[in-house]
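Given next are the chains, with one letter for each unit.
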Amino acid sequence: MQLHTVVPVQNFSSSLNYQSKIMSMGSCFAEHISEKLAFHGFSTLTNPFGIIFNAVSIQRLVERSINREWFSAEDVFLNNELWQSYEVHSALSTTDSEAYLAQLNAHLKVTREFLENTTHCILTLGTSWVYTHQGKIVANCHKVPNSQFEKKLLSAEENQKALQKIRDCIQQINPNIQFIFTVSPVRHIKDGYLENHLSKGNLLQAIYNLQQNPNSYYFPAFEIVMDELRDYRFFAADMIHPNSMAIDYIWERFTAKAIDNACEPIMKEVADIKRALHHRPQHQNTLAWAQFQNQLEQKIAHFKQRFPEILLEQ
């Protein structure tokens, strides 16, 4: 008896492996997947400019990075004792303007250098709703009064145009890069329930149109949560964000189709080592703990001999 629907996931023709370099940008859900990849020893760079929810803001940051359009004093402002930029997340804000600009430009440099050798770029979109300030779409409002912004809904065509520009821009320096698109399953119900569906629909239409191009793959994280899990036991206390059980399930579906099967035993070994490294005993001054540490050191040394390219410390 079939008691639930199972969302089909396509095989990815260019699977991830331990030679892959993976850039992940977008919503908070992008960070969940990237954290799983990093935990299992894959080479990743995640949201160098913080969490970004819309395609146009990601496009702008990618263009800045590729074209070396450095941030200047005109791109930052002082608000609530912090220097901030409408192009990046507030997590990067600092109290010193020079340090802030130096940090932003360092992130541009790192992003470009990583993209030059990236094999896979994961783009996770959260919403089509955006806010504009003086006619420009912002990535973050930084708690500036609402009266200074106008809200608008990006159409499917506008989202598609932004995503296409991201692809074209990155392929200027890395023509063989593979793109993995996802839509965040986090519902932006503050925009309204109908408005959230319109927003997600525009994102899905944009990505669907882009799938006709080569080097593109769509992973249905949104559909897995909405159509397969579809139960509040898979959500956090706010009833909006998927909980750890849902994220683990999505990760299992992702690894089954997007990661090379040959990586599975290595991933298990990395996970075992990571868990052991994170283990904290009740009593450290014991013979048992000393033996545990000695065995772990030997296990790590043996692993590094076989797989020197895998960073256990990441």
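For the structure itself, look to the data block above.
Note that the structure is a prediction, hence the values are computed from the model and not measured. (Residues numbered from 1 in each chain as written. Predicted model: local features only at pLDDT ≥ 70, side-chain atom pairs only at ≥ 80, totals over all residues. Heavy atoms only, no water.)

1. Looking at unusual backbone geometry
Line of reasoning, step 1. Look at Arg-68: it is not a glycine, yet its phi comes out positive at around 55°.
Line of reasoning, step 2. Along the chain, Arg-68 falls in the loop between helix H2 (55-67) and strand E3 (77-79).
Line of reasoning, step 3. Owing to a relative accessible area of 45%, Arg-68 belongs among the partly exposed residues under this scheme.
Line of reasoning, step 4. The backbone of Arg-230 sits at a positive phi, close to 30°, despite the residue not being glycine. (Helix = DSSP H or I, 4+ residues; strand = E, 2+ residues; numbered from the N terminus. Buried < 20%, exposed > 50% of the residue type's maximum accessible area, 1.4 Å probe, protein only.)

2. Some details on the layout of surface pockets
Line of reasoning, step 1. Considered as a void within the structure, the largest pocket measures approximately 680 Å³ in volume.
Line of reasoning, step 2. Taken together, 23 residues form the lining of the largest pocket, with Phe-53, Tyr-131, His-188, Lys-190 and Asp-191 sitting closest to its centre.
Line of reasoning, step 3. Per-element tally for the lining of the largest pocket: the top contributor is strand E6 (residues 129-133), with three residues.
Line of reasoning, step 4. For the second largest pocket, the calculated volume is near 510 Å³.
Line of reasoning, step 5. Residue lining of the second largest pocket: 19 residues in total, with Asp-75, Tyr-86, Glu-87, Lys-136 and Ile-137 positioned closest to the centre. (1 Å grid on protein atoms, 1.4 Å probe; cavity = no way out; pocket = protein on both sides within 12 Å on 5 of 7 lines; lining within 4 Å. Points joined across faces, edges and corners; volume = space filled by probe spheres on them.)

3. Notes on the packing of aromatic side chains
Line of reasoning, step 1. On inspection of all chains with the given rule, the structure shows 10 aromatic pairs.
Line of reasoning, step 2. Plain terms: the ring middles of Trp-251 and Phe-254 are 6.1 Å apart, the flat faces sit at 25° to each other, and that makes the pair stacked. Placement of the pair is Trp-251 and Phe-254 together in helix H7 (residues 244-258), with a separation of three residues, close to one helical turn. The pair Trp-251 / Phe-254 is uniform in exposure class, with both members buried.
Line of reasoning, step 3. Through a chain of ring-to-ring contacts, the aromatic side chains of Phe-77, Tyr-86 and Phe-149 assemble into a single cluster.
Line of reasoning, step 4. One cation-aromatic arrangement involves Arg-64 over Phe-71; the distance from NZ or CZ to the ring centre is 4.0 Å. (Phe/Tyr/Trp six-rings, centres within 6.5 Å; stacked < 30°, edge-to-face > 60°. Lys NZ or Arg CZ within 6 Å of the ring centre and 35° of its normal.)

4. Some details on helix H1 (residues 28-39)
Structural remark: α-helix, 3.6 residues per turn; residues separated by three or four positions point the same way.
Line of reasoning, step 1. Compared with an ideal rise of 1.5 Å per residue, which puts 12 residues at 16 Å, H1 spans 17 Å between its outermost C-alpha atoms and is within 8% of the ideal.
Line of reasoning, step 2. Within H1, burial applies to Cys-28, Phe-29, Ala-30, Ile-33, Ser-34, Leu-37 and Ala-38.
Line of reasoning, step 3. In this structure, the buried residues of H1 make contact with strand E1 (21-26), strand E2 (43-46), strand E5 (120-125), helix H6 (221-229), H7 and helix H8 (264-278).
Line of reasoning, step 4. A positive backbone phi angle near 90° is found at Gly-41, which sits one or two residues after H1. (Expected span 1.5 Å × (residues − 1). Contact = heavy atoms within 4.5 Å.)

5. With respect to the sheet that holds strand E8 (residues 150-153)
Line of reasoning, step 1. Taken together, the three strands give an open sheet; going across it, the order is E7-E6-E8, and neighbouring strands pair in antiparallel fashion. Each edge of the sheet is formed by a strand with only one pairing partner; in this case those strands are strand E7 (136-138) and E8. Strand-to-strand twist across the sheet, computed as the mean angle between neighbouring axes with direction ignored, equals 45°.
Line of reasoning, step 2. With four bridges connecting them, E6 and E8 associate as antiparallel partners. From the neighbouring strand, Trp-129 faces E8, where its bridge partner is Leu-153. (Pairing = 2+ DSSP bridges. Axes fitted to C-alpha atoms, helices over the stretch in contact; angles between N-to-C directions.)

6. Focus on the packing of H2 against helix H4 (residues 156-173)
Line of reasoning, step 1. Running from N to C, H2 and H4 point in directions that differ by 20°, and their axes come no closer than 9 Å. Relative to H4, H2 is oriented roughly parallel. For H2 against H4, the interelement crossing comes out left-handed. From H2, Ala-55, Val-56, Ile-58, Gln-59, Val-62, Glu-63, Ile-66 and Asn-67 reach across to H4, where they touch Asn-159, Ala-162, Leu-163, Lys-165, Ile-166, Cys-169, Ile-170, Gln-172 and Ile-173.
Line of reasoning, step 2. Along the lines of polarity and charge, the residues of the contact of H2 with H4 split into 11 nonpolar, four polar and two charged. (Parallel < 35°, antiparallel > 145°, perpendicular 65-115°, else oblique. Left-handed = near helix turned anticlockwise from the far one by under 90°. Nonpolar A, V, L, I, M, F, W, Y, C, P; charged D, E, K, R; others polar.)

7. What to know about the sheet that holds strand E10 (residues 216-218)
Line of reasoning, step 1. Taken in spatial order, the five strands line up as E2-E1-E5-E9-E10 in an open sheet, and their pairing is parallel. The open sheet terminates on both sides in strands that have one partner only, identified here as E2 and E10. Averaged over all neighbouring strand pairs, the angle between strand axes comes to 20°, with direction disregarded.
Line of reasoning, step 2. Relative to E5, E1 runs parallel, the two being bridged by five bridges. Its bridge partner being in E5, Gly-26 is matched across the sheet by Thr-124.
Line of reasoning, step 3. Where helix H3 (residues 97-117) meets the sheet, its contacts fall on E1 and E2, and the angle it forms with E1 comes to roughly 130°.

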